[in-house]
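# Commentary on secondary and tertiary structure
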Amino acid sequence: MAKRATLSAILTILLSVSSSAQVTFERLVNAEDEPQNWLTYSGTYSSNRHTSLDQISSDNVDELDLQWVFQAQSLQVFQTTPIVVDGIMYITEAPNTVLALDAKLGRVFWRYEYTPDQESRPCCGRVNRGVAILGNTLFMGTIDAKLIAIDAISGQPIWQTSVARPDAGYALTLAPLIVKDKVIVSVAGGEYGIRGFISAYDVATGEEIWRFYTIPGPGEPGHETWQGDDWKYGGASAWLTGSYDPDSNLIYWGIGNPGPDWNPEQRPGDNLYSNSVVALDADTGELEWYFQFTPNDPYDYDSVQIPVLVDYPAQDGSNLKLMLFGNRNGFFYVIDRTTGRFINGQEFIDLNWADGLDDIGRPIMTPQPPGATTYPGVQGGTNWYSPSYSPSTRLFYLSAWEGYGSVFEAQEAEYEEGRLFLGGRPGPPIPGGVIPGLARGPINNWTEAAGSGAVIAIDPATGEQQWKYEMTDVTTSGILTTTTDLLFTGNREGYFHALDARDGSLLWRKTLGGMIANGPISYAVDGRQYIAVAAGNGLFVYALRE
Amino acid sequence: MRRIFPWFRKAALSVAALTTIIAPAAAQDHVGQYSQADINFGMRVYGETCVACHGPNGDGVDGVNFRTGRFRSASSDLGLMGIIRAGIPDTAMPPGDYTTPELTGLVAYLRNIGDFDASDVTIGNAERGQTVYEGKGTCAQCHRIGVQGSRVAPNLTSIGAIRTAGSLAESLTNPTASMLPVNRNVRAVNQEGTLFTGRRLNEDTYTVQLIDQAERLVSLVKADLREFTVLTTSAMPSYEETLSEQERADVLAYLLSLKGTN
């Protein structure tokens, strides 16, 4: 007994002191080697949101106990993913507050609150999705389009740089991505007629190093896909974090919808690089390749979803360098991430806006007659909620909306800086019905015909669905998979549940009482594995009972 | 050497107040809009009704610091009056039954609180003060400005925007008297005899969070400790004897020049 007490005391010392070790670029590259930490928005540069921590398994998942809860002061539903570094959790709450928490106890070390400019006007919520870290510095984008460097130990701001003008509709809602000595961000604002871009900044000074416009300017390749001045306010925002391949030194970034959103005839052409994924040299921002999912998009199928990078074992023993992309337009794509070549694409939901993809992955578009319902609807077959790939099951998992459609109506729109530039509207398929919004209360007051949610497992080798877990309401939750073949996810109904990643069977669930609109993560402190997920305004952290 | 007499300075800025105040104003641009009488009256009202929560420096509520000149819930004077009168639902900010002169005075005082200091202090040369700060004063051994210095003591990057000249002057000669309670040092010993010392960042019934002498964030469970003491004296030395009056005035000028990043 005495010996146990001594061991406990030693562990207390070891566990209660954060090492404050600097997060080097090498650590970020090798993040898979330290699964006790969650170092980037998507966990690793490959963005597979998969943990090799193995304490929690199907044998004991029903022994998960709530360890602590953090309640945000903001009433905005969490869309953030925390990062965890050596026992310290860094989390953002809306609109732009950062907190450092003891990841074991949930107590707060410091809180930094940034007050955004009143001119900021993010289209779809005053949200923030997280921070990036390099060394002892955190980086946060703000809804008034600033990038702020913050000391990770004290919470003091170090520098601040203006990325774009908030009064023109630009905002930063994504978690930045660190590559070497640069912090990379991209802008939201596709509903305001912005000209989107991805840009990189010196981590030490905030000086802009490069900028890649997601709409090519005059004389640049791709500019011919726009007419007249359409390119100047053509949208193509990029509001989620991209992925990075250290071997090729390429970043992969999903690009959003063209503007005006729902009037494609007002912007004839393919509207590059809207609704594409682009591969850029991380040092220079130069375009290596692009692949466009939805040319001349009439539906707001912006393609900002997370590109998941997978080295997939081929039959000849080699590894295929793939990108897996579950797109808002309802198709799942497999792309050669070295060249951008389309390999395979399959519908993961029932849809009617296209009749499949051709040999190069271009959709065979089937516009619906006026007044008819288009599937998927404006929120898409999936959206910002992160997917996961498990190297154990070799399956790709995503949250999907099924049976959900919109009736699109195009209207002529006149561009005016800082004003919404939408070009029409999406209506519900049922007269008097509703489009599922993020603000729904605890009572599900809409009809089944409006759609439902599901977790879908897809085999990248074939594009075929392996299993499906259906839910009543649509889902906005990201997905975490484990090396023990668990899949953690949640939904708008406020449930947080664990499925068997191999067959989709339900293993465990809890009611958290708030909408889950972010991705769960896993980390460990003092050798104990934790699962964290935000629901509503609270962050809930679980571990096996001791 | 420049001497500041804030009361006289404000009096010299007197203008007709009420009509200007009621008109929406650009945020943080209010110099000369308020009469000294309104400011003085507002200070009195503030001392009677606001100071218990917001504190004498205007920074007593977590996340709210009137000295920054930024108000989360209102930007215009009219908006501020509305907040003061109606309160903020679901927060500790209650509604208040104020007269128009009281509201006018409160807004005038809040708009000037950053420059307002009842004490009469001597402010020297900021450049010379920086030299003293970085040299003879050895301040950076514990304090941090920007990315220079230690994190052990409170960060001074924006100290000039959040503390008054009077309180800063006092901290140089009598650090304990002007130390904020949250910054108190903690001494803790666990069951094995390991000593933890550092500046308190947060504390609750069962745990305490601090930054230790090695600039590490430390979280302790009180039940695991055999000794836990919150020190009420500041670890900062008094500079009354080690720096001359001129040097202290120069350091004060330097500290007041620190207004934060960008």
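Residues numbered from 1 in each chain as written. Chains lettered and ligands numbered in written order. Predicted model: local features only at pLDDT ≥ 70, side-chain atom pairs only at ≥ 80, totals over all residues. Heavy atoms only, no water.

### Looking at the confidence of the model for chain A
The test is simple: Each residue gets a pLDDT score, which is the predictor's confidence in that residue and runs from 0 to 100. Any two residues whose heavy atoms approach within 4.5 Å at even a single point are treated as in contact.
The share of residues in chain A with pLDDT of 70 or more is 94%, and the mean pLDDT across the chain is 93. Between residues 1-17 of chain A, whose pLDDT stays under 50, and residues either more than four places distant or in other chains, the model counts 21 contacts.

### Structural notes on the packing of helix 9 (residues 165-173) of chain B against helix 11 (residues 245-256) of chain B
Working note: a packed helix pair is described by the angle between its axes plus the distance between those axes. All names here are of chain B. What counts is decided by this rule: Here the axes come from fitting lines to C-alpha atoms, over the contacting stretch only for helices, and the angles between their N-to-C directions go from 0 to 180 degrees. Helix and strand assignments come from DSSP, with helices taken as H or I runs of at least 4 residues and strands as E runs of at least 2, each series counted from the N terminus. Each angle receives one of four descriptions, namely roughly parallel if under 35 degrees, roughly antiparallel if over 145, roughly perpendicular if within 65 to 115, and oblique otherwise. The hand of a helix crossing depends on one turn: near helix anticlockwise from the far one by less than a right angle means left-handed, and clockwise means right-handed.
Relative orientation of the contacting elements helix 9 and helix 11 amounts to 135 degrees, with a least axis distance of 10 Å. Here helix 9 lies oblique to helix 11, going by the angle between them. The chirality of how helix 9 crosses helix 11 is right-handed. Of helix 11, the residues touching helix 9 (which contributes Ala-165, Leu-168, Ala-169, Leu-172 and Thr-173) are Arg-248, Val-251, Leu-252, Leu-255 and Leu-256.

### A word on the side chain of B:Arg248
Residue and element names in this part refer to chain B. The condition that has to hold: Burial classes follow relative accessibility: with a 1.4 Å probe on protein chains only, a residue under 20% of its type's maximum area counts as buried, one over 50% as exposed, and anything between as partly exposed. Under the convention used here, Asp and Glu are negative, Lys and Arg are positive, and both His and the chain ends fall outside the count. The term salt bridge refers to a side-chain nitrogen of Lys or Arg lying within 4 Å of a carboxyl oxygen of Asp or Glu.
For Arg-248, the position within the fold is in helix 11. Within the buried set, Arg-248 has no salt-bridge partner at all; the shortest N-O distance to an opposite charge, 5.3 Å, is to Glu-240. If sequence neighbours within four positions are ignored, Arg-248 has contacts with Leu-172, Thr-173, Tyr-239, Glu-240 and Leu-243.

### Topic: the environment of A:Ser120
Residue and element names in this part refer to chain A. For clarity, the threshold we go by: Here a polar contact means two N or O atoms within 3.5 Å. Within protein one must be a hydrogen donor candidate and the other an acceptor candidate, and residues neighboring in sequence count only if both atoms are side-chain atoms.
Residue placement: Ser-120 occurs in the loop between strand 6 (108-113) and strand 7 (132-134). Other than its neighbours up to four places away in sequence, Ser-120 contacts Arg-126, Ile-143, Asp-144 and Pro-166. Of the polar contacts made by the side chain of Ser-120, one reaches the backbone oxygen of Asp-117; its length is 2.8 Å.

### A look at the environment of A:Tyr201
Residues and elements named next belong to chain A. Mapped onto the fold, Tyr-201 is located in strand 13 (residues 197-202). Judged by relative accessible area, which is 1%, Tyr-201 ranks as buried. As a C-alpha pair, Tyr-201 and Thr-161 span 40 residues in sequence and 9.0 Å in three-dimensional space. Beyond its immediate stretch of four places on either side in the chain, Tyr-201 contacts Leu-147, Thr-161, Val-163, Asp-181, Lys-182, Val-183, Val-185, Gly-206, Glu-207, Glu-208, Ile-209 and Arg-211.

### Observations concerning empty space enclosed by the protein
Vacant regions in the atomic arrangement are exposed by a probe of water-molecule size rolled over the atoms. Residue and element names in this part refer to chain A. We count it as follows: Cavities and pockets were defined on a 1 Å grid built from protein atoms only: a cavity is a group of points that admits a 1.4 Å probe but offers it no way out, a pocket is an open group of points flanked by protein on both sides within 12 Å along at least five of seven lines, and a lining residue is one with an atom within 4 Å of any such point. Grid points are joined across faces, edges and corners, and a volume is the space filled by probe spheres set on the points. In this count, Pro and Cys sit with the nonpolar residues alongside Ala, Val, Leu, Ile, Met, Phe, Trp and Tyr, while Asp, Glu, Lys and Arg are called charged and the others, Gly among them, polar.
One pass over the structure, following the stated rule, counts five cavities of 30 Å³ or more. Taken as a whole, the second largest cavity spans an internal volume of roughly 60 Å³. Around the second largest cavity, the lining residues are Leu-28, Leu-39, Thr-40, Tyr-41, Tyr-45, Val-131, Ala-132, Ile-133, Pro-176, Leu-177 and Ile-178. Those elements that provide at least two residues to the lining of the second largest cavity are strand 7 and strand 11 (177-179). Split by residue class, the lining of the second largest cavity holds ten nonpolar, one polar and no charged.

### Examining the interface of chain A and chain B
We apply this condition: Here the quantity called buried area is the total loss of accessible area, with a 1.4 Å probe, experienced by two parts when brought into contact, counted for both.
Taken together, the contact between chain A and chain B spans 31 residues of the former and 29 residues of the latter. The contact between chain A and chain B buries some 2,500 Å² in all, and 55% of this surface belongs to carbon and sulfur atoms. On the surface where chain A and chain B come into contact, there are two salt bridges. Between B:Asp204 and A:Arg107 there is a salt bridge, with the nearest N and O atoms lying 2.7 Å from each other. Our count for the chain A to chain B interface comes out at four residue pairs in polar contact (both at pLDDT 80 or more). Within the residue set of the side of chain A that touches chain B, elements represented by two or more residues are helix 1 (2-16), strand 6 and strand 10 (157-162) of chain A. Across the side of chain A that touches chain B, the residue classes tally to 13 nonpolar, 13 polar and five charged.

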